[in-house]
Amino acid sequence: MLASAKELLLTAQRHGYALGAFNVYNLEGVCAVVRAAESECSPVILQVHPAAIRVVGKPLVALCLAAARMSQVPVGVHLDHSTSDADIRGALDLGVPSIMADGSHLPYSENVAFAREMAAIAHASGAIAEVELGRLTGTEDGLTVSERNAKLTDPAQATEFVRETGADSLAVCIGNVHGHYHGEPNLDMERLSRIRSAVDVPLVLHGASGLPTAMVRNAIGLGVCKFNVNTELREAFLGVLSSSAGSEGKRDLLDVMKDGIAAMQSVACSKIRDFGSNGKCSLAA
């Protein structure tokens, strides 16, 4: 069933678990995430990046919404990392019930203005808005941010930021990165604790691929109730494609699709269990 992203987040926050928000790019990815959620009896979020929509078009959004409606578990649909007014308006026109207004690359005052405007537009459409304070390192969907330009979320500034923007959730930067971690992940849990004390909206952590389970559980205990997962999911699918291309003889396309779905489903199931959302369908329904 297509679920309210706001209710999914608030329920997770209330009951001390986190939602897996998985970026999807094709039918196989959507099938893998929904099947994982159904097998684990877990609420889940399908995320689409504007770059993916530009490549394959509006049907990707329609696919996510249709899959959510047909699912046996609560499934949210979310537009990830949107830096463009046009991308956000376009997604809302297609019925996406949750968007991320990402002004983290802007100076603080401009980030506030952009996030406030996009949150108001989302709310007028009956959707919710996630915003980001701080700046992550790493690479995602063609966007690279260098270490020197990365900024951690200022807990003191977070209170004002959430109040001024009217956002429904806050993506925080506490040492998390997009893509692969170079060395052991080192999240600033003390900073996360201070952010949690400063704001009452649900907190989001991008860059969950590669985080140890113990670190994930610690972050949940300090208020994170949504983790974004992209890298591990896409690498599972690309690994299947790579091995299929290198295999002797021709493999049937349906077999490659089945293996790709199975590989991504395995990753999604593992993350769902790490996030503690398995078995929580009845809470989120």
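Check the entry above for the structure.
Residues numbered from 1 in each chain as written. Predicted model: local features only at pLDDT ≥ 70, side-chain atom pairs only at ≥ 80, totals over all residues. Heavy atoms only, no water.

Draft legend 1. Main features of empty space enclosed by the protein. Counted according to the given criterion, the structure contains 1 cavity of 30 Å³ or more. Looking at the largest cavity, its volume works out to about 40 Å³. Looking at the lining of the largest cavity, the elements that each hand over two or more residues are α1 (5-15) and β5 (128-133). Split into classes, the residues belonging to the lining of the largest cavity amount to 4 nonpolar, 3 polar and 2 charged. (1 Å grid on protein atoms, 1.4 Å probe; cavity = no way out; pocket = protein on both sides within 12 Å on 5 of 7 lines; lining within 4 Å. Points joined across faces, edges and corners; volume = space filled by probe spheres on them. Helix = DSSP H or I, 4+ residues; strand = E, 2+ residues; numbered from the N terminus. Nonpolar A, V, L, I, M, F, W, Y, C, P; charged D, E, K, R; others polar.)

Draft legend 2. Examining the sheet that holds strand β4 (residues 98-101) more closely. The 8 strands lie next to each other as β1-β2-β3-β4-β5-β8-β10-β11, forming a closed barrel whose pairing is parallel. Looking at each pair of strands side by side, their axes are set apart by 30° on average, direction ignored. Sheet topology note: the β5/strand β8 (residues 169-172) ladder contains 4 bridges and is parallel. Paired with E132 across the strands is A171, a residue of β8. (Pairing = 2+ DSSP bridges. Axes fitted to C-alpha atoms, helices over the stretch in contact; angles between N-to-C directions.)

Draft legend 3. A look at the packing of aromatic side chains. If you walk through the whole model with that rule in mind, you get 2 aromatic pairs. With a centroid separation of 6.0 Å and 45° between ring planes, the pair formed by Y108 and F161 is classed as tilted. Placement of Y108 in helix α6 (residues 108-124) and of F161 in helix α7 (residues 155-165) is noted, with a sequence separation of 53 residues between them. Between F227 and F275, the ring centres sit 4.8 Å apart and the planes meet at 10°, which makes this aromatic pair stacked. On the criterion of sequence distance, the pair formed by F227 in strand β11 (residues 224-229) and F275 in helix α11 (residues 253-275) is long-range, its members being 48 residues apart. Neither F227 nor F275 differs from the other in exposure class; each is buried. (Phe/Tyr/Trp six-rings, centres within 6.5 Å; stacked < 30°, edge-to-face > 60°. Buried < 20%, exposed > 50% of the residue type's maximum accessible area, 1.4 Å probe, protein only.)

Draft legend 4. Representation of the packing of α6 against α7 within the structure. Following both chains from N to C, one finds α6 and α7 inclined at 40°, their axes separated by 8 Å at the closest point. Contact residues: Y108, N111, V112, A115, R116 and A119 in α6; Q157, E160, F161, E164 and T165 in α7. Split by residue class, the contact of α6 with α7 holds 5 nonpolar, 3 polar and 3 charged. (Contact = heavy atoms within 4.5 Å.)

Draft legend 5. Expanded view of the layout of surface pockets. Approximately 200 Å³ is the volume attributed to the second largest pocket. The wall of the second largest pocket is formed by N23, V24, Y25, N26, G29, L233, R234, F237, L238 and M264. Considering each element in turn, the lining of the second largest pocket owes the most residues, 4 residues, to helix α10 (residues 231-246). In terms of residue class, the lining of the second largest pocket is built from 6 nonpolar, 3 polar and 1 charged.

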